[in-house]
Amino acid sequence: MVYRFERLSRGEVEAMLDISLKETRVYREIKEEGREEGREEGREEATINLIVRLLTKRFGSLPQEVRSTISDLPLPVLEELSEALLDFSELADLQAWFAARSL
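Since the structure is predicted, the reported quantities are computational estimates derived from the model, not experimental observations.

## Digging into the pattern of salt bridges
In a structure, side chains of opposite charge can pair up when their charged atoms sit close to one another. Using the criterion set out here, one finds 3 salt bridges in the structure. A salt bridge links Glu79 to Arg43, with the nearest nitrogen and oxygen atoms 2.6 Å apart. With a gap of 36 residues between them, Glu79 in helix α5 (residues 75-84) and Arg43 in helix α3 (residues 25-59) connect regions that are remote in the sequence. The exposure class assigned to Glu79 is partly exposed, which follows from its relative accessible area of 32%. Here Arg43 falls in the partly exposed class, since its relative accessible area comes to 44%. Salt-bridge contacts for Glu80 lead to Arg101; the nearest nitrogen and oxygen are separated by 3.5 Å. One end of the pair, Glu80, is in helix α5; the other, Arg101, is in the segment after α6 (91-100), and 21 residues separate them in sequence. A residue is classified by how much of its surface remains accessible, and Glu80, at 40% relative accessible area, is partly exposed.

Structure representation (structure tokens):
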């Protein structure tokens with residue numbers, strides 16, 4: 001049955017079943033999951049931007065490798081870094097922090 005729906009447009013499925021897919025629980029659940037993922041991605045992006053701005057203010061221009069490493073970190077590690085960077089006095093401290101976490 002899934003394969004039949006795969007080839008049909010949303011309008012065709014709605015007409016065939018005589019329902020609006022937007023009214024289904026599955027549609028609402030998928031929509032909410034998308035919102036949650038979007039919020040998480042937004043938090044991650046905002047945290048990356050803030051960390052890069054703070055480090056740039058403290059140490060000047062950051063090497064692209066450092067920026068890339070920061071961008072690849074998951075949100076929980078970014079949150080750790082956001083606190084740890086308050087103790088950094090030079091860029092080498094950041095490099096040591098990366099090394100201690102095998103980043």
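## Digging into the packing of helix α4 (residues 64-71) against α6
Interaxial distance between α4 and α6 falls to 12 Å at its minimum, and their mutual angle equals 45 degrees. Considering their axes alone, α4 and α6 lie oblique with respect to each other. Viewed along their axes, α4 and α6 form a crossing whose handedness is left-handed. Counting all contacts with α4, which are made through Val66, Thr69 and Ile70, the residues of α6 involved are Leu94, Gln95 and Phe98. Across the contact of α4 with α6, the residue classes break down as 4 nonpolar, 2 polar and no charged.

What counts, and where the lines are drawn
- Residues numbered from 1 in each chain as written.
- Predicted model: local features only at pLDDT ≥ 70, side-chain atom pairs only at ≥ 80, totals over all residues.
- Heavy atoms only, no water.
- Salt bridge = Lys/Arg side-chain N within 4 Å of Asp/Glu carboxyl O.
- Helix = DSSP H or I, 4+ residues; strand = E, 2+ residues; numbered from the N terminus.
- Buried < 20%, exposed > 50% of the residue type's maximum accessible area, 1.4 Å probe, protein only.
- Axes fitted to C-alpha atoms, helices over the stretch in contact; angles between N-to-C directions.
- Parallel < 35°, antiparallel > 145°, perpendicular 65-115°, else oblique.
- Left-handed = near helix turned anticlockwise from the far one by under 90°.
- Contact = heavy atoms within 4.5 Å.
- Nonpolar A, V, L, I, M, F, W, Y, C, P; charged D, E, K, R; others polar.

No statement about biological role is implied by the geometric values presented.
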